[in-house]
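# Report on the structure
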Amino acid sequence: MKAPKTHNILSPEYECMSRDAIRQLQGERLRKVVKREYDNVPIYRERMDAKGIKPEDIKGVEDLRYLPFTNKTDLRDEFPFGLLAAPKSEIVRIQGSSGTTGKPIVSGYTQNDVDVWTEMVARALVAAGGTKEDIVQVCYGYGLFTGGLGAHQGATKIGAMTVPMSSGNTQRQIMMMKELGSTMLCCTPSYATYLGETIRDMGIDPKKELKLKSGCFGAEPWSEEMRGKIEELLDIDACDIYGLTEIAGPGVAFECLEKKGMHINEDHVIPEIIDPVTEEQLPYGTAGELVFTTITKEGMPMLRYRTHDICVINAEPCACGRTTVRMGRITGRTDDMMVIRGVNVFPSQIESVIVSVKGVAPFYMIIVDRVNYTDTLEIQVELDGENFSDTVSDLEKIRNEIAEKIKSVVGISAKITLVNAKSLPRSEGKAKRVIDNRKI
Ligand code: ADP
Ligand code: ZN
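Residues numbered from 1 in each chain as written. Chains lettered and ligands numbered in written order. Predicted model: local features only at pLDDT ≥ 70, side-chain atom pairs only at ≥ 80, totals over all residues. Heavy atoms only, no water.

So, about the overall build of the protein chain. Broken down by element type, the protein chain carries twelve helices and 21 strands. The C-alpha radius of gyration computed for the protein chain amounts to 22 Å, which stays within 12% of the reference 22 Å derived for 440 residues, consistent with globular compactness. Each of the 440 residues in the protein chain was classed as buried or not, and the buried ones make up 56%. (Helix = DSSP H or I, 4+ residues; strand = E, 2+ residues; numbered from the N terminus. Rg over C-alpha atoms; globule rule 2.2 N^0.38 Å. Buried < 20%, exposed > 50% of the residue type's maximum accessible area, 1.4 Å probe, protein only.)

And the structure:
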């Protein structure tokens, strides 16, 4: 059952402010956070001193560009507490990055930071149609990873019945989903696909036997085509939710039921898009690297944090009534980008092709190697168990269709290997879909 297209808004006083009012609020909060960083965090003071900037020089959002950037390496170098801007005794929570790319990093939260983060996720759930009548099944992992606790806190805040399943144990998840009548789902999009597949394998008809209506899916890149697949498999509305540990966790930005980009919680963060090479600000509407400055965080605020995520920001008003700017899908991380035979390739481009082809399942693996000094790209794609056809000509047709589309979308040719249904690894959290043997 799809969610009725409601446009409930949890905090219209912030989510629907005029653009002028948002900018003014951001300016006020920015001035405070810059002073806090300068007074409490040695590396920010050193970097601002080196640039000859004093906190008083930052008068509003237009002065953001004079501030130094923060990088993931700073979090590693200052691990664990070097970037705290509040006394350690004020920190009530530590969360850490899942370490998708490299060593883990941690962030410290004051009670107020936890409350702000909770509010952000609650806004997201409300935007996806959530109310206190809902039963929210959280199957993001609980622990240092922000997904589980983040979704949990948000669901509790809206008064929903919150089911802290954490990730894994898929058959049990589905049994609970059915017996409790869960109406909303929070997990990674790759786990949502796996759940959808297992539901079918167990002979359950989601339309008749489940009560799911919508879900907030994030923590990893996914394509518009994958959204279609998840909505079909689970018979729900699938909304995108974005976040990162360094800034808060999930809920930094979220989609409403219009599903046309994620509203950024601009009363808590200021987004910028920059050219990752020149580090210059780019205008809205241009793809570039997303950079965030937190303006309400106390424990570990971040000035101009470089996310390495690539997207476009759109400032057009949304039909839902929110006035906050929206970020488009993350098309990739700069550190996920593969350069194959000189061409920039993002896994999400490959995903969008595979999920649009009939006869294959939404599970794939990308294998990059180097043979005789030349890069090779192989894409393993699973055949769809239900629509399985093993006539040689059908398989050949599927292979050719994928190969041609990859060539036209990505710009390079790839070897397409069709593999048996259910033979590729399934993901319960963030999917790992690239094996790059060139780095070894
Ligand atoms: P890690 O860097 O270990 O993955 P996090 O768990 O904090 O750490 O994950 C944050 C990152 O996850 C983001 O920077 C982004 O690359 C990715 N991410 C989170 N939500 C989304 C989303 N909705 N779409 C695409 N990527 C996302
Ligand atoms: Zn909207």
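Further remarks concern the sheet that holds strand β10 (residues 269–274). Spatial ordering of the open sheet is given by β10-β11-β12-β15, a layout of four strands whose pairing is antiparallel. The sheet is open, and its two edges are formed by β10 and β15 (332–333), each paired on a single side. Across two bridges, the pairing between strand β12 (residues 305–311) and β15 is antiparallel. Each bridged residue has a counterpart across the sheet, and for D309 the counterpart in β15 is R333. (Pairing = 2+ DSSP bridges.)

Below, the discussion takes up the nonpolar core. The biggest cluster of nonpolar side chains holds 72 residues, and the ones touching the most others in it are L30, L125, Y242, F292 and M327. One finds I354, L383, L395 and I402 within the second-largest nonpolar core, a separate group that totals 24 residues. (Core = buried A, V, L, I, M, F, W, Y, C linked by side-chain atoms within 4.5 Å.)

So, on to the coordination of the zinc ion (ligand 2). On the protein side, the zinc ion (ligand 2) has C256 (SG), H263 (NE2), C318 (SG) and C320 (SG) as donor atoms, found 2.1 to 2.3 Å from it. For the zinc ion (ligand 2), the four donor atoms in the first shell make angles of 100 to 116° at the metal, so the coordination geometry reads as tetrahedral. The sequence motif formed by the donor residues of the zinc ion (ligand 2) is C-x6-H-x54-C-x1-C. When sorted by exposure, C318 lands in the same class as C320, which is buried. (Donors = N, O, S within 2.8 Å, 3.2 Å for Na, K, Ca; no water. Tetrahedral: all angles 85-135°; square planar, octahedral: opposite > 155°, others 65-115°.)

The subject of this paragraph is the sheet that holds strand β21 (residues 434–436). Spatial strand order, β20-β19-β18-β21: four strands in an open sheet with mixed pairing. Two strands bound the open sheet, and with one partner strand each, they are β20 (415–419) and β21. Geometrically, the sheet is characterised by an average inter-axis angle of 20° between neighbouring strands, direction not taken into account. Both strand β18 (residues 360–371) and strand β19 (residues 374–383) contribute to a ladder of nine bridges, which runs antiparallel. Of the residues in β19, the one forming a bridge with I367 is E378. Set on the sheet, helix α12 (residues 392–410) makes contact with β18, β19 and β20; between it and β20 the angle comes to about 140°. (Axes fitted to C-alpha atoms, helices over the stretch in contact; angles between N-to-C directions. Contact = heavy atoms within 4.5 Å.)

A few words on the pattern of salt bridges. Under the defined criterion, the tally for this structure stands at 37 salt bridges. One salt bridge in this structure joins K157 and E119, with 3.4 Å as the shortest N-O distance. Here E119 lies in helix α5 (residues 111–127) and K157 lies in helix α6 (residues 146–157), a separation of 38 residues in the sequence. By relative accessible area, which is 45% here, K157 ends up partly exposed. A salt bridge links D235 to K207; the nearest nitrogen and oxygen atoms lie 4.0 Å apart. Of this pair, D235 sits in the loop between α10 (224–234) and β7 (237–244) while K207 sits in helix α9 (residues 206–209), and the two are 28 residues apart along the sequence. (Salt bridge = Lys/Arg side-chain N within 4 Å of Asp/Glu carboxyl O.)

The residue C318 is located in the loop between β13 (313–314) and β14 (326–327) in this model. Residue classification places C318 among the buried positions, given a relative accessible area of 11%. Remark: the alpha-carbon pair of C318 and E258, spanning 60 residues in sequence, is separated by 8.1 Å. Contacts of C318, omitting those with residues within four sequence positions, involve C256, E258, H263 and R326.

Another aspect to go through is α6. Spanning twelve residues, α6 covers 16 Å between terminal C-alpha atoms, matching the ideal 16 Å at 1.5 Å per step. All buried positions along α6 are accounted for by T146, G147, G148, G150, A151, Q153, G154 and A155. Remark: G159 follows α6 within two positions and exhibits a positive phi of approximately 85°. (Expected span 1.5 Å × (residues − 1).)

Turning next to the domain arrangement of the protein chain. In terms of domain boundaries, the protein chain breaks down into domain 1 (1–269 + 296–301 + 316–330) and domain 2 (338–439). Each of domain 1 and domain 2 has a C-alpha centre, and the two are 30 Å apart. Residue-level contacts link 23 residues of domain 1 with 16 residues of domain 2. For the domain 1 and domain 2 pair, buried surface summed over both sides reaches about 1,600 Å², with 57% attributable to carbon and sulfur atoms. On the domain 1 side of the contact with domain 2, E197, E225 and M226 bury the most area, a combined 26% of that side's loss. Connecting domain 1 to domain 2 are three salt bridges. Here R426 ties to E197 by a salt bridge, and the two come within 2.7 Å at their closest N and O atoms. (Domains from an automatic or database assignment. Buried area = accessible area lost by both parts, 1.4 Å probe.)

According to the stated counting rule, one finds three cavities of 30 Å³ or more in the structure shown. Taken as a whole, the largest cavity spans an internal volume of roughly 80 Å³. Every residue along the wall of the largest cavity is listed here: Y109, D113, V116, W117, M120, I247, A248, H268, V269, T294, T296 and K297. Residue contributions to the lining of the largest cavity peak at four residues, all from α5. Class assignment for the residues of the lining of the largest cavity results in seven nonpolar, three polar and two charged. The calculated volume of the second largest cavity comes to roughly 40 Å³. A per-element tally of the lining of the second largest cavity places α5 first, with three residues. (1 Å grid on protein atoms, 1.4 Å probe; cavity = no way out; pocket = protein on both sides within 12 Å on 5 of 7 lines; lining within 4 Å. Points joined across faces, edges and corners; volume = space filled by probe spheres on them. Nonpolar A, V, L, I, M, F, W, Y, C, P; charged D, E, K, R; others polar.)

Before going further, it helps to examine the packing of α5 against α6. Remark: α5 packs on α6, axes separated minimally by 7 Å, with the N-to-C direction vectors making an angle of 75°. As judged from the angle between their axes, α5 and α6 are roughly perpendicular. Contacts between α5 and α6 involve V114, W117, T118, E119, V121, A122 and L125 from the former and T146, L149, G150, A151, Q153, G154, A155 and K157 from the latter. Of the residues contributing to the contact of α5 with α6, the split by class is eight nonpolar, five polar and two charged. (Parallel < 35°, antiparallel > 145°, perpendicular 65-115°, else oblique.)

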